[in-house]
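What follows is the residue order along each chain.
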Amino acid sequence: MGDVEVVKDISVVPEVHFLEQVLERISQGELRVPKFQRPFLWRPDQMLQLFDSMERGYPMGSLLIWETTMPLESLDTIGGRSIPSAPEGAKVAYVLDGHQRLSTLFGVLHRSDDAPQSTQQEDWMWWVYRPLVRPDHDGVRYRHWKSGETVPGSFLPMRSVLGTLDFLEYARKLSDVSGSREEADHLTKESERIAKRVKNYKVSVVRMEGGTLKQAIEVFSRINSSGQKMRPDQMVSALTYGTIGSETLSDKMEEIRGRVAASGFGEIPIMTIFQTVLALSGEEDVQRDTSWETMARKVQGQLMTAVEDTDRIVQEVVEFLRDEVRVPLARLVPYNIQIMLLAVFFHFSDKAEAEQRAKLRNWFWTTSLAGTFAGATTTQVRNFIRQMKAFAGGTSALGYSGERARAFPDRFDLRSARVRAYLLWDLQTFPERKNPDGSTVNVLELLATAHSETYRHIITQSGVPGASSPANRIVMTTPPGVSIRQALIRLAEEGRTDILDSHGVSLASIEHLKADSYTDFIFARQQELAARERQFIESLGIESAEKEVGEADIDTE
């Protein structure tokens with residue numbers, strides 16, 4: 001708390017409150033969560049652990065709140081429950097640290113009896129139960145009820161422990177589910193013990209008074225809580241709160257991501273959008289992981305313009321990738337830094353001439369195949385941005401000539417930029433694949449939903465050398481009970497070479513399948529694909545790899 005105590009004009013008052021009192025303030029609208037806070041991110045198991053810790057008497061950590069009469073944009077729901085507006089003119093407290101814990105406790109303990117219960121996580125996660133019959137182990141004693149079946153009567157719903165009438169109603173029903181009066185008394189006493197634990201649980205609250213909104217956000221941003229650590233984009237979003245209106249930087253970036261996804265290109269990582277906003281605001285150290293307060297001060301004057309520019313420019317980048325480079329989906333972009341650097345070009349270029357766009361296409365393929373951005377350092381990224389700005393202004397060429405493509409990947413792993421580059425070539429080379437029944441395969445639709453499962457194994461037996469190779473993958477739907485291997489053999493026997501050609505499978509390679517020479521089939525097809533891909537690489541003026549096959553490095557962000 002050292003950072004908090006030195007903040008000027010702020011007083012800090014440590015207090016202890018009953019948990020029930022703290023939650024009541026939330027239900028009255030007096031204790032609120034400011035909009036610059038992170039969203040609720042806890043996993044269901046973290047929620048259960050919190051209740052288990054409370055029952056054991058473990059401390060849950062202190063809460064930090066800021067009391068002020070200053071109006072502040074805040075959430076109107078906490079823990080999935082609506083809360084009333086802040087009392088007009090009254091002093092309101094805002095949660096600076098403890099949002100995840102308070103949302104869990106309020107959402108569960110103040111759950112209404114008619115709140116939805118279903119098999120959807122957004123519903124069942126807020127229904128926490130304490131089985132009254134103790135298990136033999138000392139693990140977490142609380143449970144969620146995920147199935148659509150009736151909850152056992154001996155499961156105490158935690159929503160009932162703070163409401164006297166609700167608790168009495170539950171206790172009355174215990175006699176109906178018990179086998180004897182003795183068992184009913186035992187379960188009732190156990191439920192009373194647990195309810196008493198919750199009602200008597202005390203929370204340490206650090207109340208901060210005075211100071212400005214900027215100081216409060218600065219305090220918030222410096223807190224290293226034990227929960228979900230803030231990402232850089234969330235940190236800068238908090239520190240620049242109010243710069244771009246009532247919506248936060250995070251809100252605006254989510255809107256941009258949503259619009260790109262709605263266009264059919266899929267979701268761009270939020271960190272890529274964040275780095276683009278920084279780059280278009282004039283910042284070049286977009287990969288730093290320290291001094292985010294300094295960063296926020298540097299860029300906040302340019303944020304509104306940078307966010308608007310990013311919204312427009314990212315759409316232009318998506319069109320360029322999709323229409324000219326023929327990258328159909330965001331998840332197939334080898335390096336996300338390529339999106340940011342393309343945005344830098346289109347932002348700082350007065351007019352992208354045809355010659356420049358052609359060079360950009362080559363730059364994209366070269367950097368993708370050569371692994372240019374693998375493990376890029378802060379200094380390297382800064383230089384990449386400067387280089388792209390100079391190219392956009394027509395004062396310099398893109399410095400990628402002479403880079404050699406990496407070899408054909410030895411395994412199919414979408415965390416490898418080289419594999420993604422291979423898939424982009426594969427999609428362009430075999431655009432109209434067909435199923436054994438002659439129907440067309442919608443590869444993009446499958447990739448958008450199933451991702452790596454779209455490319456099915458031809459040889460499924462374990463231990464076969466080369467089985468991990470992209471050459472052992474194909475996009476094809478077969479009838480029930482028919483494997484890909486069987487389908488390919490049948491197609492060859494029936495002379496349906498048009499379907500085989502649509503997948504880049506030769507009759508020569510299928511001869512190995514017929515002889516059950518699985519490794520020979522994989523290596524034969526691998527050699528054929530690698531040769532065709534090499535022709536494409538060299539047609540772009542890119543130097544091909546010295547060896548045919550190499551390791552598929554896991555190097556994407």
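Every chain's residues receive numbers from 1 upward, in the order its sequence appears when written. Two thresholds apply to this predicted model, a pLDDT of at least 70 for residue-level local features and 80 or more for giving and counting side-chain atom pairs, whereas whole-chain, interface and lining totals are computed over all residues. Side-chain numbers come from the whole structure's heavy atoms, not from hydrogens or water.

A. Just the sheet that holds strand 1 (residues 10-18), in detail. Two strands form a pair only when DSSP identifies at least two bridges running between them. Secondary structure counts use DSSP, requiring at least four H or I residues in a row for a helix and at least two E residues in a row for a strand, with both numbered from the N terminus. The 5 strands lie next to each other as 1-10-3-6-2, forming an open sheet whose pairing is mixed. Unpaired on one side and paired on the other, strand 1 and strand 2 (31-32) mark the two borders of the sheet. Note on contacts: a residue pair qualifies if any of its non-hydrogen atoms lie within 4.5 Å across the two residues. Each axis is a line fitted through C-alpha atoms, and for a helix only the stretch in contact is used; angles between axes span 0 to 180 degrees, taken between their N-to-C directions. Running over the sheet, helix 4 (residues 99-109) touches strand 2, strand 3 (63-68) and strand 6 (92-97) and is turned about 115 degrees from strand 6.

B. Focus on empty space enclosed by the protein. Only protein atoms enter the 1 Å grid, on which a cavity is a set of points fitting a 1.4 Å probe that cannot get out and a pocket is an open set with protein on both sides within 12 Å along at least 5 of 7 lines, lining residues being those with an atom within 4 Å of a point. Grid points are joined across faces, edges and corners, and a volume is the space filled by probe spheres set on the points. Applying the stated rule across the entire model yields 3 cavities of 30 Å³ or more. A407, F408, R534, A545 and E548 are the residues nearest the centre of the largest cavity, which is lined by 13 residues in total. Tallying contributions element by element places helix 22 (residues 518-539) first for the lining of the largest cavity, with 4 residues. Residue classes follow a fixed rule: Ala, Val, Leu, Ile, Met, Phe, Trp, Tyr, Cys and Pro count as nonpolar, while Asp, Glu, Lys and Arg count as charged, and any other residue, Gly among them, counts as polar. Across the lining of the largest cavity, the residue classes tally to 6 nonpolar, 1 polar and 6 charged.

C. Examining the packing of helix 15 (residues 354-370) against helix 16 (residues 378-392) more closely. Contact geometry for helix 15 and helix 16: axes closest at 12 Å, N-to-C directions at 155 degrees. Between helix 15 and helix 16, the angle is such that the two are roughly antiparallel. Each of Q356, K359, L360 and W363 in helix 15 lies in contact with helix 16, whose residues at this interface are M388, F391 and A392. The residue makeup of the contact of helix 15 with helix 16, split by class, is 5 nonpolar, 1 polar and 1 charged. Each angle is binned into one of four classes, with values under 35 degrees roughly parallel, values over 145 roughly antiparallel, values of 65 to 115 roughly perpendicular, and all other values oblique.

D. Broad picture of the side chain of N435. Examined against the element boundaries, N435 turns out to sit in the loop between helix 17 (417-429) and helix 18 (443-450). Among the polar contacts made by the side chain of N435, one reaches the main-chain amide nitrogen of T477 at a distance of 2.7 Å. Non-local contacts of N435, meaning those with residues more than four positions away in its chain, are made with T440, V441, M476, T477 and I499. In protein, a polar contact requires one atom able to donate a hydrogen and another able to accept it; more generally it is a pair of N or O atoms within 3.5 Å, and residues adjacent in sequence count only if both atoms are side-chain atoms.

E. Quick peek at the pattern of salt bridges. One side-chain nitrogen of Lys or Arg within 4 Å of one carboxyl oxygen of Asp or Glu is enough to make a salt bridge. Under the criterion given, the structure shown has 44 salt bridges. R259 is the partner of D311 in a salt bridge, and the nearest nitrogen-oxygen pair spans 2.6 Å. Of this pair, D311 sits in helix 13 (residues 303-325) while R259 sits in helix 10 (residues 249-265), placing them 52 residues apart in sequence. We note a salt bridge from E543 to R404, for which the minimum N-O separation is 2.6 Å. Here E543, found in the loop between helix 22 and strand 14 (549-550), pairs with R404, found in the loop between helix 16 and strand 11 (408-409); they are 139 residues apart in sequence, far enough to count as distant. Throughout, exposure labels follow a simple rule: accessible area from a 1.4 Å probe, protein chains only, divided by the maximum for the residue type, with under 20% read as buried, over 50% as exposed, and the rest as partly exposed. The partly exposed category is assigned to R404, whose relative accessible area is 32%. Taken together, the shared-partner salt bridges in this structure form one network comprising D52, E55, R56, R130, R141, E190 and R193.

F. Structural view of the nonpolar core. To form a nonpolar core, buried Ala, Val, Leu, Ile, Met, Phe, Trp, Tyr and Cys residues must be joined to one another through side-chain atoms within 4.5 Å. By size, the foremost hydrophobic cluster in this structure holds 104 residues, and its most contacted members are L321, M340, L341, L360, W363, M388 and L488. The element that contributes the greatest number of residues to this core is helix 13, accounting for 10 residues. Beyond its immediate chain neighbours, meaning those up to four positions away, L321 contacts F265, R326, V327, V333, I339, L342 and F364. Counting residues in each nonpolar core, the second largest holds 44 residues, with W42, V95, L105 and L162 among its members.

G. Up close: the environment of I458. Looking at where I458 falls in the secondary structure, it is placed in the loop between strand 12 (456-457) and strand 13 (473-474). Residue classification places I458 among the buried positions, given a relative accessible area of 3%. Expressed as a C-alpha distance, the spacing of I458 and Y422, which sit 36 residues apart in the sequence, is 18 Å. Filtering out sequence-adjacent residues up to four positions away, I458 remains in contact with A471, N472, R473, I474, I484, R485, L488, L513, F521 and R525.

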